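Here are the chains, one letter per residue:
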Amino acid sequence: MTLQELLGVELPIIQAPMAGVHLSALAIAVSNAGGLGSLPCAMLSLDAMRSELAAIKAQCGTRYNVNFFCHVPPAASAVSEQRWRAALAPYYKEFGIDATTIPAGPGRAPFTSETADLLSEFKPAVVSFHFGLPSAELVSRVKEWGAKVLSSATTVEEALWLEAHGVDAIIAQGNEAGGHRGMFLSTDLTTQVGTFALVPQVVRAVKLPVIAAGGIADAKGVASAMGLGAVGVQVGTAYLLCPETATSAVHRAALKSDSARHTALTNVFTGRPARGIVNRIIREVGPMSPAVPAFPLATSAIAPLRAKAEGSGSGDFSPLWSGQNASGCKEIPAAQLTRGLAADL
Ligand SMILES: Cc1cc2nc3c(=O)[nH]c(=O)nc-3n(C[C@H](O)[C@H](O)[C@H](O)COP(=O)(O)O)c2cc1C
């Protein structure tokens, strides 16, 4: 089955959901251009989710994807929060920040039954997950209205697990990809392989359609991924400069500079490995710090440093999420970018 048939789209191009850098405007532009636009919900309250879903529904009907993280929220631990703040103490001092005033908080929320209730009012055609899947009960609630369920696999083992747990298609996320690794069966970064190696192995291992993600930035990349057996692609980084995103000024500047060629997997921003452009905090505290609390609890302690630095035009403490191939980032409307990605098919 083609991706177009499975998801009801014209082009086999999924705009990757990117929490924190865009809302419904990007999804609407991509869905209306014939691709599949995605709304990332990991950083949205239920109220914000409702108004973004209403905006998409008004312009795209049900042809869009809604994306969630499905981690198990960790219990807050004063000891690990203290250890993390101690690692950041020199920076609080440098910026004159009183660390006792920083509220602790999660920063990112998983999929819950309340979210399923809200989604059932909108009945999106596609729901995608990162970090595995929520409970079987929640997955079957999403399927009740006929939604297709997607999730990311970073290894063959994860792809087989997702197939056994009822997804409709697998997003094979290569190591090049920007943002969080979707890894959920292992925390060992040596298990992570590149898109060119991962996609054909996953295609051979599972019967489900496979969507390639990671490092795909132009029409030739899309055609190559499909040549490896993928039925379509999920592209994130290339959309980051589109006018429909809310990518910050420091993030845009980094993506446009030569420093975008140097990315790393780092846990310093959230507690889980994610790929971003190497900056001061990654160099000095990371890239992988043993002092971080469990995902997503690392976020709040960094927030005031990020705010102070961005206030003076510096991205030294910002998560400058990017894949290894930022060469496709263009300041052009997302519809034009989407059609360009499909140009060689
Ligand atoms: C800025 C940014 C934020 C991301 N946030 C999410 C997210 O909220 N949910 C998700 O499933 N994937 C997220 N991802 C990962 C993408 O789904 C996808 O795997 C990745 O963008 C593909 O690689 P590429 O960036 O090289 O195109 C994010 C990626 C980026 C670049």
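Here goes a summary of the coordinates provided. Everything numeric in this text was worked out from a predicted model, so none of it was measured. (Residues numbered from 1 in each chain as written. Predicted model: local features only at pLDDT ≥ 70, side-chain atom pairs only at ≥ 80, totals over all residues. Heavy atoms only, no water.)

## A few points about the overall build of the chain
Now for step 1: When its secondary structure is counted, the chain shows 13 helices and 11 strands.
Now for step 2: Here the C-alpha radius of gyration of the chain, 19 Å, is about what a compact globule of 345 residues would show, namely 20 Å.
Now for step 3: Evaluated residue by residue, the chain yields a buried proportion of 57% over its 345 residues.
Now for step 4: Restricting to contacts in the chain with at least 6 residues of sequence separation, those with at least 24 account for 67%. (Helix = DSSP H or I, 4+ residues; strand = E, 2+ residues; numbered from the N terminus. Rg over C-alpha atoms; globule rule 2.2 N^0.38 Å. Buried < 20%, exposed > 50% of the residue type's maximum accessible area, 1.4 Å probe, protein only. Contact = heavy atoms within 4.5 Å.)

## Describing the sheet that holds strand β7 (residues 179–180)
As a general point, the strands of a sheet are linked pairwise by backbone hydrogen bonds and lie either parallel or antiparallel.
Now for step 1: The strand order β7-β11-β10 describes an open sheet built from three strands, whose pairing is antiparallel. Both edges of this open sheet fall to β7 and β10 (263–266), since each of them pairs with a single strand only.
Now for step 2: Sheet analysis places β10 next to strand β11 (residues 274–277), joined by four bridges and oriented antiparallel. Paired with Leu265 across the strands is Arg275, a residue of β11. (Pairing = 2+ DSSP bridges.)

## A few points about the environment of Lys143
Now for step 1: Considering the arrangement of structural elements, one finds Lys143 in helix α6 (residues 136–144).
Now for step 2: Along the chain, Lys143 and Ile171 lie 28 residues apart, while their C-alpha atoms are 18 Å from each other.
Now for step 3: Among residues more than four places away in sequence, those in contact with Lys143 are Val149, Gly166 and Asp168.

## Concerning the pattern of salt bridges
Now for step 1: Inspection of every chain in the model, using the stated rule, returns nine salt bridges.
Now for step 2: Between Asp117 and Arg141 there is a salt bridge, with its nearest N and O atoms 2.7 Å apart. Taken together, the residues Asp117 in helix α5 (residues 113–122) and Arg141 in helix α6 connect sequence positions 24 residues apart.
Now for step 3: In this structure, the salt-bridge partner of Glu331 is Lys256, at a minimum N-O distance of 3.0 Å. Of this pair, Glu331 sits in the loop between α12 (299–311) and α13 (334–341) while Lys256 sits in helix α10 (residues 249–256), and the two are 75 residues apart along the sequence.
Now for step 4: Residue Glu331 is classed as exposed on the basis of its relative accessible area of 52%.
Now for step 5: Several salt bridges share partner residues, and in doing so they unite Glu94, Arg280 and Glu284 into one network. (Salt bridge = Lys/Arg side-chain N within 4 Å of Asp/Glu carboxyl O.)

## Points about helix α9 (residues 219–227)
Now for step 1: For α9, every residue scored as buried is listed here: Ala219, Val222 and Ala225. Buried positions in α9, seen along its axis, are confined to an arc of 130° and lie on one side of it. In α9, the exposed positions that point more than 90 degrees away from the buried face belong to Lys220 and Gly227.
Now for step 2: Count one or two residues on from α9 and you reach Gly229, which has phi positive near 110°. (Arc of directions from axis to C-beta.)

## Let's talk about empty space enclosed by the protein
Now for step 1: Tallying each qualifying case throughout the model produces one cavity of 30 Å³ or more.
Now for step 2: Looking at the largest cavity, its volume works out to about 540 Å³.
Now for step 3: Around the largest cavity sit 35 residues that line it, and Ala16, Pro17, Met18, Gly178 and Gly179 are the ones nearest its centre.
Now for step 4: Mapped by element, the contributors of at least two residues to the lining of the largest cavity are β3 (65–69), β4 (126–130), β6 (169–173), β7 and β9 (232–235). (1 Å grid on protein atoms, 1.4 Å probe; cavity = no way out; pocket = protein on both sides within 12 Å on 5 of 7 lines; lining within 4 Å. Points joined across faces, edges and corners; volume = space filled by probe spheres on them.)

## Notes on the site of the ligand
Now for step 1: Every one of the 20 residues lining the ligand counts as a neighbour, but Pro17, Asn67, Gly215, Gly236 and Thr237 are closest to it.
Now for step 2: With respect to the ligand, the backbone of Ala19 contributes an N or O atom lying 3.1 Å from an oxygen atom.
Now for step 3: Taking His130, its side chain carries an N or O atom lying 3.3 Å from an oxygen atom of the ligand.
Now for step 4: For the ligand, whose free accessible area comes to 590 Å², the fraction covered by protein is 99%.
Now for step 5: Judged by the proximity of its atoms to the pocket grid, the ligand belongs to the largest cavity.
Now for step 6: Going through the elements one at a time, β3 and β9 are the ones with two or more residues in the shell around the ligand.
Now for step 7: The residue makeup of the shell around the ligand, split by class, is nine nonpolar, 11 polar and no charged. (Near = heavy atom within 4 Å. Polar contact = N/O pair within 3.5 Å; in protein donor to acceptor, adjacent residues only side chain to side chain. Areas by Shrake-Rupley, 256 points an atom, 1.4 Å probe, with all protein chains shown as cover. Sits in = over half its atoms within 2 Å of the grid points. Nonpolar A, V, L, I, M, F, W, Y, C, P; charged D, E, K, R; others polar.)

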